[in-house]
Amino acid sequence: MPSADRCRPASTDFFVTMFMSDASKMKRSMAQQILTGLLVLLHAGAGITAEPTELDYFDALPTVLTVSRLAQPISETPGAVTVIDRETIRRSGARELADVLRLVPGYLAGGFNGANPVAAYHMPLDDHGIRNLVLIDGRPVYSAYYFGGTSRGMMGVLLEDIERIEVLRGSNSAAYGANAMFGVINVITRNSADTHGIGMSATSGEGSIKDSYARIGWGNELASFRLSTGRRSDSGYGHTHDDKIISQLHFRGDLRPAHDQELMFLAGVSELAAGDGFDDKLGNPERTVGWRNVFLQGQWKRQFSEFNEIKLAASYDEETYNDAFLYPVDPSIRISSSGRGRRLNLELQHNFNLAPDLRAVWGVGYKYEDAVSRPLYNTDEAVSIHEQRLFGNLEWRFHPQWVVNAGGFAGFHSEKGSYFSPRLMANFHVLPDHTLRAGLTESSRMPTLFELASDVRLYPQNWAALATAGSATDRIAAIMAFSNLPFRLFYADGHVAKEELESQEIGYFGNFRRLNLTIDVRAYIEKVRDLIVANNHGSAPGYVFPNNLLVLLADPTLVGTSVPVVTFGNMSGYRTRGLEYQLRWKPLAGTEFWVNQAFERTTWTADADMPMPPTHATTIAWFQKLPYDFDFGLIHQSIGAMTWNKASDQLPSRRQLDVRLAKQFRIGSSRAEAAIVVQAANGSLPVYQTGTGFSLERRAFGTLRIEF
Amino acid sequence: MPRFFRHLALACLVYMTLVLEVAAAPRIWVALAEEGGPYAEAATTLKEELGTDSEPYVVHWRALLTARFEPPDLIVAVGVAALDGVLERLGKGGESWGHVPLLAMLVPQAVFDARLAANPAGRRPFSAALIDQPLGRQLALVKRALPQYQRVGVLSGPQTRLVFDALEKEALPRGLTLRKTPLVNATEGIYPALKQVIDESEVILALPDPSIYNSASLQNILLTTYRARIPLVAFSPAYVKAGAVMAVYSTPAQVARRAAEMVRQWQAGRGLPLPQKPREFEVAVNERVAASLGLWIDAPNLIVDDLRRQEGGR
């Protein structure tokens, strides 16, 4: 081979330029690519097809499945994770997201009525599910407006659109901020590139169940879109007024503006009409509550290299709440919680490698939340909070057997100042399939707008009617009316502090490949302090205690009775120790068992009427494929005695059996499935609080699904 | 700057070819499709394997167009462009070039078959050290590395459909069933076929067919199969790096060693053997993708050893 530095005939330049390519890098020059492209086109036009060359084997290709695009193996996640995929959701027969979460160890599904399904991890502290962060495609769906609840937000996704649900069990504030105190429910909807064509389903059955779903998807390799709509209705629990109808319309677009970029755009509207109230409670009569959510969301990702990615996400949510009625005793009193809430959430995240064994992610975020509601906040102005956020995590693999994650999340809250949630988690692969995990994390929950700024007042007018009414509350209201004072139901003075949770955990993840069995165990100690609670206070601060007025009314029975104003404060908290595990076993190709168990001991640091979680809960699921494309599923859950929200009303231990039988078939080239589900097949069981008399009745329903 | 030196090197090569035109022609010419890269690796190995006796002479194939050599005893064309260039040169070379044996190296079987059909060799011995893996080896890889799967999906393109029958024959004894799609349609694109193959298969075997697997479609295929949690078994380490779960392939040096065996056979007077697929091979596994799909795949060297044993301990 001639040496380059000794001879370079100028006359060959043209020749060289014409025919040389950057072969050492194995990349075809642009001219060649254009030429090849033209040839391919010409060939295609002529009906001749491109033939392979050695370049098909040797050409360098960009890394498509980069680290950030890959789901992290469960053995390497900094914490316990339960993943429920689309197929399992379908085979579970569940109609609500909260119902699906029964398949997650440590989760309790409930709801203060059947129209407000919630799921709580470990501790059913509240009726609204405010201590879990629920994300749908990365968009937080807790309510900015009211109690910060997730029950309605969780209903705002069509189960048929979901690709998978990843539940990060245990506090994740170090990665997701203050709302993730008890974990994250991460709902990922299907990429619209996977839902081209038409899909429909209809469900009908007992309990006034009538559900329908339709979607249409279209697009090509570079841009795909989906429009899906659904309506779900049922009569809720037995023995209460909680019928619900939720109608939704969602749009998702997935675009690839360049090979290294992805753009996702989502928009949706959900409208709920939910039964609420009781026929015997004047202050909470039977009525229909309306809720409407509109959201817009966008996410842009750019991949600079295999390990270097930037993500920009933005979402906007607006909800309107419509719940108002006239107080029967004094119809001049309009009891209302109607209003509007909004949230803007922005986030920029950057993943990169600091060294081959040291991976970093950092990001900044901003959220703004406001609510406008004269009934709840006693002002026509918007009540708002905003928070600047900074987060980061280092994943260090200093040894092939070790993965250490250290990270934290700092928030700067407009009302409550700053908080910082750190986490340290180590995963040790004892053997390739056996991983031990240990970690510490601290997290916080910032008070909701309602806990910070609520001021609910009623203005009684008809004191005569109130004074003769039966209850002490009414008579006190009468005093208020007589003295021309507002009657205060809720008052938040803004002094409530953040809740804090400190968690220590050890875990084990084992994969027994020969048996097709995986097991994930988590043992933990969780200490919660400064828990935010609603208290019935003797008097509203700043208001005249009505003793003098009572005298005026000459009603001695009311002397010493206070105006029951609900305020928010911090109490000491509790300590809970527990162990939970999830086992998944596929003994045969068509057989799959899931076993979840959770054991827990809780000690409250203050002796109060506080909720107690069940000491044990077991869920066994059996999914069986049968001959002739039949499919059988069974989920049995047994939960020990527990209380929702308050200790005085204990729910006895319960068992629930759900059964599903389905048959898949084809109609021409379309795939279809018919299924029958019986929920609570073992008979009705009590739910929420025994005192309410609510029950989950046995109900059967059928579903027909078809995909073109 | 490196490009400048490469240009310079080729210029020198051409210059020397012209200067040396009257010198005694080497008996074996190795014509490269391009400088550097896999071609250089293959040529270097071939030279090493053939030893000093043969002294193959390595040139860029374009040098042959202008050279006024006496015909060599054997031409080894490395790569499709080189093969086509050499065939063109031989076609114009007159009687004396008509008999020169030609060994194509690093070319796919489809190309070799097409050129053989288009250029009836006449008196010229024409064979190839092919780049393609035997179909049986690719299926053996699936069986060995992912024994839990039976349904192997293949996207049908104009090239792949030519080998379906052969693939089916290899699949059957291994307990694998082949799920093939209707021919990928130029107007509808790859999506409907991809959707069908994902629905029906547990693992997808990619075969080189530029109308299906190309740099434009790759992202779509890898992302879609990954979302469906279907592993893609490909044919090159580049695909594995991009996101395929594994591949069986031969390096240019390994193909060159096969070519060297064929040349030695020719040197021994036994003529050029029939086209041969590489005997040596490698397996690449993308552990990260495999782990993310919940797959446990043995170390590549263990798989290679097992596959070799299955192929007869060679």
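Let me sum up the structure you'll find in this document.

**Quick notes on helix α4 (residues 80–92) of chain B**
All names here are of chain B.
- Here α4 is 13 residues long and its end C-alpha atoms lie 19 Å apart, about the 18 Å a rise of 1.5 Å per residue gives.
- Every buried residue of α4 is listed here: Val-80, Ala-82, Leu-83, Gly-85, Val-86, Leu-87, Arg-89 and Leu-90.
- Backbone geometry just downstream of α4 places Gly-94 in the positive-phi region, at approximately 80 degrees.

**Notes on the environment of Val-104 of chain A**
Residues and elements named next belong to chain A.
- By secondary structure assignment, the location of Val-104 is in the loop between α5 (97–100) and β2 (107–110).
- Residues Val-104 and Phe-482 lie 378 residues apart in sequence; the distance between their C-alpha atoms is 54 Å.
- For Val-104, the contacting residues outside a window of four places in its chain are Thr-82, Ile-84, Val-167, Arg-169 and Asn-596.

**Re helix α5 (residues 109–118) of chain B**
All names here are of chain B.
- Turning to α5, its buried residues are Val-111, Phe-112 and Arg-115. Relative to the axis of α5, the buried residues are bounded by an arc of 100 degrees and lie together on one face.
- On its buried face, α5 sits against α4, β4 (102–107) and β5 (126–130).

**A word on the side chain of Arg-115 of chain B**
- Tracing the backbone through its elements, the reader meets Arg-115 of chain B in helix α5.
- Overall, the relative accessible area of 13% leaves Arg-115 of chain B in the buried class.
- For Arg-115 of chain B, the residues in contact, after removing those within four places along its chain, are Glu-51 of chain A together with Val-80, Leu-83, Asp-84, Leu-87 and Phe-126 of chain B.

**Quick word on the packing of aromatic side chains**
- Tallied over the full model, the rule gives 27 aromatic pairs over all chains.
- Ring centres 5.5 Å apart and planes at 65 degrees place the aromatic pair Tyr-57 of chain A and Phe-235 of chain B in the edge-to-face group. Note that Tyr-57 of chain A is positioned in helix α3 (residues 55–58) and Phe-235 of chain B in the loop between β9 (232–234) and α10 (237–242), a pairing that runs across two chains. Taken individually, Tyr-57 of chain A and Phe-235 of chain B each receive the classification buried, so the pair is uniform in this respect.
- Seen from their ring centres, Phe-450 of chain A and Phe-568 of chain A are 5.8 Å apart, and the 75 degrees between their planes marks the pair as edge-to-face. You can see Phe-450 of chain A sitting in helix α9 (residues 449–453) and its partner Phe-568 of chain A sitting in strand β27 (residues 565–588), a full 118 residues away along the chain.
- Residue classification places Phe-450 of chain A among the buried residues on the basis of a relative accessible area of 0%.
- Judged by relative accessible area, which is 10%, Phe-568 of chain A ranks as buried.
- Taken together, Tyr-57 of chain A together with Tyr-213, Phe-235 and Tyr-239 of chain B form an aromatic cluster joined through their ring pairs.
- Over the face of the ring belonging to Phe-701 of chain A we find Arg-95 of chain A, whose NZ or CZ atom lies 5.9 Å from the ring centre.
- The aromatic ring of Phe-295 of chain A is capped on one face by Arg-139 of chain A, whose charged end is 3.5 Å from the ring centroid.

Procedures and definitions
- Residues numbered from 1 in each chain as written.
- Chains lettered and ligands numbered in written order.
- Predicted model: local features only at pLDDT ≥ 70, side-chain atom pairs only at ≥ 80, totals over all residues.
- Heavy atoms only, no water.
- Helix = DSSP H or I, 4+ residues; strand = E, 2+ residues; numbered from the N terminus.
- Expected span 1.5 Å × (residues − 1).
- Buried < 20%, exposed > 50% of the residue type's maximum accessible area, 1.4 Å probe, protein only.
- Contact = heavy atoms within 4.5 Å.
- Arc of directions from axis to C-beta.
- Phe/Tyr/Trp six-rings, centres within 6.5 Å; stacked < 30°, edge-to-face > 60°.
- Lys NZ or Arg CZ within 6 Å of the ring centre and 35° of its normal.

Functional significance is not addressed by these values, which are geometric in nature.
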